[in-house]
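Listed below are the residues making up each chain.
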Amino acid sequence: MRRLNGIARLSHGDNPAQLVSAAIAAGEGRLTNSGALAVTTGSYTGRSPKDKFIVRDALTAGHVWWDNANAMAPAHFERLLEDMLEYAAGRALWHERLGAGADPSLRVDVDVVTETAWHALFIRNLLRERHASATMEAAILHFPGFSADPARHGTRSGTVIALDLSRNIVLIGGTAYAGEIKKAVFSLVNFHAPLGDILPMHCAANVGPAGDTALFFGLSGTGKTTLSSDPARPLIGDDEHLWSDGGIANIEGGCYAKTARLDASAEPEIFAAALRFGSVLENVVLTGGEPDFDDLSLTENTRAAYPLATLNNVHPGSIGGAPRTVIFLTADAFGVLPPVARLTPRQASDQFLLGYTAKVAGTERGVVEPTATFSACFGAPFMSHHPRVYGDLLAARLRQSGAAVWLVNTGWTGGGYGVGRRIALDTTRRIVEATLSGSLDAGRMRIDPAFGLAVPLDVPGVPPAVLDARASWTDPQAYDRAATRLAGLFAEHLGRLAPPARAAE
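The shown structure was predicted, so the numbers you read here are calculated from the model rather than taken from an experiment. (Residues numbered from 1 in each chain as written. Predicted model: local features only at pLDDT ≥ 70, side-chain atom pairs only at ≥ 80, totals over all residues. Heavy atoms only, no water.)

## Some remarks on the pairing of strand β15 (residues 247-250)
Keep this limit in mind: DSSP bridges decide pairing: two strands pair if at least two such bridges lie between them. The way it works is that DSSP assigns letters per residue, a run of H or I at least four long becomes a helix, a run of E at least two long becomes a strand, and they are numbered from the N terminus.
Where strand β14 (residues 240-244) lies against β15, four bridges are found, and the strand directions are antiparallel. The partner of Trp 243 across the bridge, within β15, is Ile 248. Here β14 folds back onto β15, and the loop between the two strands holds two residues.

## Some details on the side chain of Glu 282
Short version of the rule: Exposed residues in this analysis have more than 50% of their type's maximum accessible area, buried residues have under 20%, and partly exposed residues fall in between, with area computed by a 1.4 Å probe over protein chains only. All tallies of charge rest on Lys and Arg as positive and Asp and Glu as negative; His and the ends of each chain are not included. The working definition used for a salt bridge is a side-chain nitrogen of Lys or Arg within 4 Å of a carboxyl oxygen of Asp or Glu. Two N or O atoms count as a polar contact when they lie within 3.5 Å, although within protein this holds only if one can serve as hydrogen donor and the other as acceptor, and sequence-adjacent residues are included solely when both atoms are side-chain atoms. Any two residues whose heavy atoms approach within 4.5 Å are treated as being in contact.
Looking at the secondary structure, you find Glu 282 in strand β17 (residues 280-282). Summary of buried charges: Glu 282 has no salt-bridge partner, and the nearest side chain of opposite charge, Arg 303, is 5.7 Å away. In terms of polar contacts, Glu 282 uses its side chain to reach the backbone amide nitrogen of Ala 178, at 3.0 Å. Only 2.3 Å separates the side chain of Glu 282 from the side chain of Tyr 256, close enough to count as a polar contact. Other than its neighbours up to four places away in sequence, Glu 282 contacts Val 39, Thr 41, Trp 118, Ala 176, Tyr 177, Ala 178, Gly 179, Tyr 256, Thr 302 and Arg 303.

## Details of the packing of aromatic side chains
The criterion, for reference: Centres within 6.5 Å make a pair out of two Phe, Tyr or Trp rings, where for Trp the six-membered ring is used; the pair is then stacked when the planes are under 30 degrees apart, edge-to-face when over 60, and tilted otherwise. A ring has a charge above it when a Lys NZ or an Arg CZ is no more than 6 Å from the ring centre and no more than 35 degrees off the ring normal.
All chains considered together, the criterion is met by 18 aromatic pairs. An angle of 40° between the planes, with centres 5.8 Å apart, marks the rings of Phe 217 and Phe 378 as tilted. Remark: Phe 378 occurs in the loop between β25 (367-374) and α9 (387-401) and Phe 217 occurs in strand β12 (residues 213-217); sequence separation between them is 161 residues. Taking the centre distance of 5.3 Å and the plane angle of 35° together, the rings of Phe 328 and Phe 378 count as tilted. You can see Phe 328 sitting in strand β22 (residues 323-330) and its partner Phe 378 sitting in the loop between β25 and α9, a full 50 residues away along the chain. There is no split in this pair, since Phe 328 and Phe 378 are both buried. Through a chain of ring-to-ring contacts, the aromatic side chains of Phe 217, Phe 328, Phe 352 and Phe 378 assemble into a single cluster. Here Lys 183 stacks its cationic end above the ring of Phe 382, 4.6 Å away from the centre of that ring. Taking NZ or CZ as reference, Arg 303 lies 4.9 Å from the ring centre of Tyr 256, over its face.

## Re the pairing of strand β7 (residues 108-114)
For a regular strand, the rule is simple: side chains alternate between the two faces of the sheet. Formally: Convention used here: a crossover is right-handed provided that the path from the first strand, over the helix, to the second strand proceeds clockwise when the strands point away from the viewer.
With seven of its seven residues buried, β7 lies for the most part within the structure. Burial of the side chains of β7 extends over both faces: Val 108, Val 110, Val 112 and Thr 114 are buried on one face and Asp 109, Asp 111 and Val 113 on the other. Direction of pairing for strand β6 (residues 93-100) relative to β7: antiparallel, over a ladder of seven bridges. Bridge assignment links Arg 97 to a residue of β7, and that residue is Asp 111. Relative to strand β8 (residues 136-143), β7 is paired through seven bridges, and the arrangement is parallel. Counted as the bridge partner of Val 112 is Ile 140 from β8. With respect to chirality, the unit in which β7 leads through helix α3 (residues 117-126) into the neighbouring parallel β8 is left-handed.

## Remarks on the sheet that holds strand β16 (residues 254-258)
Here we have five strands laid out as an open sheet, ordered β2-β3-β17-β20-β16, and mixed in their pairing. Sheet topology places β2 (30-31) and β16 at the edges, where each strand pairs with a single neighbour. Taken together, the three bridges between β17 and strand β20 (residues 303-307) define a ladder with antiparallel strand orientation. Along β20, the bridge assignment pairs Leu 281 with Ala 304.

## As for the pattern of salt bridges
Per the stated rule, a full pass over the model turns up 24 salt bridges. Between Asp 212 and Arg 233 there is a salt bridge, and its shortest N-O distance comes to 3.0 Å. Here Asp 212, found in the loop between β11 (199-207) and β12, pairs with Arg 233, found in the loop between α6 (224-228) and β13 (235-237); they are 21 residues apart in sequence, far enough to count as distant. The exposure class of Arg 233 is buried, given its relative accessible area of 6%. Linking Lys 224 and Asp 239 is a salt bridge whose minimum nitrogen-to-oxygen distance equals 2.8 Å. In this pair, Lys 224 is assigned in helix α6 and Asp 239 in the loop between β13 and β14, connecting sequence segments 15 residues apart. Both residues of the pair, Lys 224 and Asp 239, belong to the buried class. Ionic contacts of the salt-bridge type, sharing partners, join the residues Lys 182, Lys 183, Lys 224, Asp 239, Glu 240 and Glu 252 into one network.

## Quick notes on helix α10 (residues 425-437)
At 3.6 residues per turn, the α-helix brings residues three or four places apart onto the same side. What counts is decided by this rule: Expected helix span is given by 1.5 Å per residue-to-residue step, counting one fewer step than there are residues.
With 13 residues, α10 extends 18 Å between its outermost C-alpha atoms, agreeing within 8% with the 18 Å of an ideal straight helix rising 1.5 Å per residue. Turning to α10, its buried residues number three or more, namely Thr 427, Thr 428, Ile 431, Val 432, Ala 434, Thr 435 and Leu 436. Where α10 is buried, its residues touch β12, α6, β22, β23 (340-342) and β26 (404-409). Among the residues trailing α10, Gly 438 stands out with phi positive, at a value near 85°.

## Some details on the confidence of the model for the protein
The criterion, for reference: Per-residue confidence from the predictor is reported as pLDDT, a score between 0 and 100.
Mean pLDDT over the protein: 92, with 94% of residues reaching 70 or higher. Below a pLDDT of 50 lies the segment residues 361-368, which in the model reaches eight contacts outside its immediate sequence neighbourhood of four places, other chains included.

## Describing the packing of helix α1 (residues 16-25) against α3
Threshold: Whenever a helix is involved, its axis is fitted only over the stretch in contact; in every case the axis is a line through C-alpha atoms, and angles between N-to-C directions fall within 0 to 180 degrees. By definition in this entry, angles of less than 35 degrees are roughly parallel, angles greater than 145 are roughly antiparallel, angles of 65 to 115 are roughly perpendicular, and the rest are oblique. Helix crossings get a hand from a simple test, with the near helix turned counterclockwise from the far one by less than a right angle marking a left-handed crossing and a clockwise turn marking a right-handed one. Side-chain classes follow a simple rule in which Ala, Val, Leu, Ile, Met, Phe, Trp, Tyr, Cys and Pro form the nonpolar group, Asp, Glu, Lys and Arg form the charged group, and the remainder, Gly included, forms the polar group.
Put simply, α1 and α3 touch, their axes get as near as 8 Å, and they point 150° apart. Our classification of the angle between α1 and α3 gives roughly antiparallel. As for how α1 packs across α3, the hand of that crossing is left-handed. Residue-level inspection shows Pro 16, Leu 19, Val 20, Ala 22 and Ala 23 of α1 in contact with α3, the latter providing Ala 117, Trp 118, Ala 120, Leu 121 and Arg 124. Considered class by class, the residues forming the contact of α1 with α3 number nine nonpolar, no polar and one charged.

Below is the structure:
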């Protein structure tokens, strides 16, 4: 980005040790006993979707789904850029020259300029090395200390994430949450990839011994990272991928794993990676120099950022063939979805558009009420086109590949949250193994009357009674009421995602 030439005192972190040392010297974080860098992000411990804007111009006006995006006038963006460059003048800044996209059909050179060494280390962990040849260039200015002026810049508050998709410039100010940098890259790719008939996906991917690729879609807390980490199946990536004519390719070069209640016995590879030297622990509480992953007093959204190469079982090149299996993960806190179901093409399209999971809203006088959460395409905040654009691309890719699509519920059984119990991780692992092996493809099925889903009658290692959600409840009528309610929410939400009146809007 030529505009970077006007910023004085740009430093480049040649290696993680240099960035760790600089962060410690500047008081930006603390070293754990194992050498990971522990940092805090202040009042922002998650993304700020209401403060994210896309410049509305000749390119974006007819493509962006403006019902799901805040528009910014080009003049406001230009003023914001000038003010951020003025803010940067004379400051000691870090400049990381990185890349995104393992797929040759879409590779991005990414320049990230930030005012803190730990953010430079973070994005260095998350992105890839620069490519010899790139199809796109992007620049991200990340200044947590800069505060936007709503009157001058057209923002909602002092916090801003602004994307100029014509010039591929992203401006981030007023927030130290590092996930904004990572998702800025994903947002850029999510706009440009569909224009080239490439499907961007918020999912994990791995490869089996026979070269069979599998995709794992799921919102936070559904088990996407955990279930895609399999000793028998090398990981392509845990979060962001492209599906092109050439197959599946990871966009990033690292992992941004949730660490809330991270357990060494249940997730040994992630646990070890989080503790290594050079990893960044975000908002993780330290006790005597040791991370306490059970202490969520700062936030439930504690994270670890580390390179993919840290893991022992990574697929070379981060590229795989077209998937044989696609898994949609949901943590149904209502306890009514079956633990596993085979989806028809139409059901697969609907579940992709829904992007459903359920979260627990909270407890009031002992009563816990789950809340349905929908995120179209399992990543609505980063999908700038209408969900049907991504849905149509997925449907086309599924037809071409013939991949089997499964819905796997990692949530509750025997009742909703507070009454039933969470489906055991070992049970879910056996279910996932069965879907990946193909052993369920020709197995006996029953049609679930509440949702019309084909549910296997037999899964190796799983008691048949576990597979029947209704039978797990002590009160079948209560199950029927809860299931009817959720099915109604599905229909209501799908109705809101009707195709736009004109493709150009």
